[in-house]
Amino acid sequence: GENVEQHPSTLSVQEGDSAVIKCTYSDSASNYFPWYKQELGKGPQLIIDIRSNVGEKKDQRIAVTLNKTAKHFSLHITETQPEDSAVYFCAASPPFGNEKLTFGTGTRLTIIP
Amino acid sequence: DTAVSQTPKYLVTQMGNDKSIKCEQNLGHDTMYWYKQDSKKFLKIMFSYNNKELIINETVPNRFSPKSPDKAHLNLHINSLELGDSAVYFCASSFHHSNYEQYFGPGTRLTVT
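The present account deals with the structure reproduced in this document. This one's a predicted model, so the numbers in the text were calculated from it and none came from an experiment. (Residues numbered from 1 in each chain as written. Chains lettered and ligands numbered in written order. Predicted model: local features only at pLDDT ≥ 70, side-chain atom pairs only at ≥ 80, totals over all residues. Heavy atoms only, no water.)

### Thoughts on the sheet that holds strand β7 (residues 64–70) of chain B
Within a sheet, each strand pairs with its neighbour through backbone hydrogen bonds, oriented either parallel or antiparallel.
Residues and elements named next belong to chain B.
At step 1: Judged by pairing direction, the sheet is antiparallel, and its 4 strands sit side by side in the order β1-β3-β8-β7 without closing on themselves. For this open sheet the edge positions go to β1 (4–7) and β7, each flanked by a neighbour on one side alone. When strand polarity is set aside, the average angle formed by the axes of neighbouring strands in this sheet is 20°.
At step 2: Note: β7 against strand β8 (residues 73–78), 5 bridges, orientation antiparallel. Bridge pairing links phenylalanine 64 to isoleucine 78 in β8. (Pairing = 2+ DSSP bridges. Helix = DSSP H or I, 4+ residues; strand = E, 2+ residues; numbered from the N terminus. Axes fitted to C-alpha atoms, helices over the stretch in contact; angles between N-to-C directions.)

Following this line, the structure appears as structure tokens:
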């Protein structure tokens, strides 16, 4: 089955600087890669996703890049703000029937004011 | 309006007891999920139902039994609770089971003493 590795496990960034979280996956058939943000005491919430037919996707301060050859994808947050502090999860899913999301182990991002 | 709701939010019980967690979604989605998040924040899928039909059943002890009376509800019953069952359980739903955004509930923190 799919295996997703995520680094770093913790990340502290000065407010206004950029943050980058990286994930690798094992199943070359995976074609859907979402990123979820989990705030304290809440459920995860999708912030951006990418499918294997594109290499990069942007949404305001958030961007995701995908390298299918190397089987890795990254989340980039620019101009970080205190409200970006949370745990971030990457995930991967294959295209076949009854797909399931395999999540990475999470990155705790702390924005230092 | 709450999209995915779970009850109860907190559940404290003793080993050996039987308990249930309820989940409802008002998004009109076809697919619902149960995830377990352990103390290290690792998110792992347990079950998935599509239109009341079980489509994903991970390696979960038989003590865990999901029930979907209709496609808006997915309940989780746990028999003979063990200390290792302590975790946060998240319900989620998606439009369809094929790589669509998953909407998570607020979670149920289960503590077994």
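There is more to say, and it comes next.
### Section: empty space enclosed by the protein
At step 1: Summed over all chains, the structure comprises 1 cavity of 30 Å³ or more.
At step 2: There is about 50 Å³ of room inside the largest cavity.
At step 3: Forming the walls of the largest cavity are 11 residues, and the residues nearest its centre are Leu101 of chain A together with Tyr33, His97, Asn99 and Gln102 of chain B.
At step 4: Of the residues belonging to the lining of the largest cavity, the class tally is 4 nonpolar, 5 polar and 2 charged. (1 Å grid on protein atoms, 1.4 Å probe; cavity = no way out; pocket = protein on both sides within 12 Å on 5 of 7 lines; lining within 4 Å. Points joined across faces, edges and corners; volume = space filled by probe spheres on them. Nonpolar A, V, L, I, M, F, W, Y, C, P; charged D, E, K, R; others polar.)

### Here we look at the state of the cysteines
When the sulfur atoms of two cysteines share a covalent bond, that bond is a disulfide.
At step 1: Within this structure, the stated rule accounts for 2 disulfides over all chains.
At step 2: Put simply, cysteine 23 of chain A and cysteine 90 of chain A are joined by a disulfide, and their sulfur atoms are 1.9 Å apart. Note on the cysteine 23 of chain A and cysteine 90 of chain A pair: the S-S dihedral is about -100°, so by sign convention the disulfide is left-handed. Placement of cysteine 23 of chain A in strand β3 (residues 19–25) and of cysteine 90 of chain A in strand β9 (residues 86–92) is noted, with a sequence separation of 67 residues between them.
At step 3: The disulfide bridge from cysteine 23 of chain B ends at cysteine 91 of chain B, spanning 1.8 Å between sulfur atoms. Between cysteine 23 of chain B and cysteine 91 of chain B, the S-S torsion sits near -75°, and that sign places the bridge as left-handed. One end of the pair, cysteine 23 of chain B, is in strand β3 (residues 19–25); the other, cysteine 91 of chain B, is in strand β9 (residues 87–94), and 68 residues separate them in sequence. The exposure classification of cysteine 23 of chain B matches that of cysteine 91 of chain B, with both residues buried. (Disulfide = S-S within 2.5 Å. Buried < 20%, exposed > 50% of the residue type's maximum accessible area, 1.4 Å probe, protein only.)

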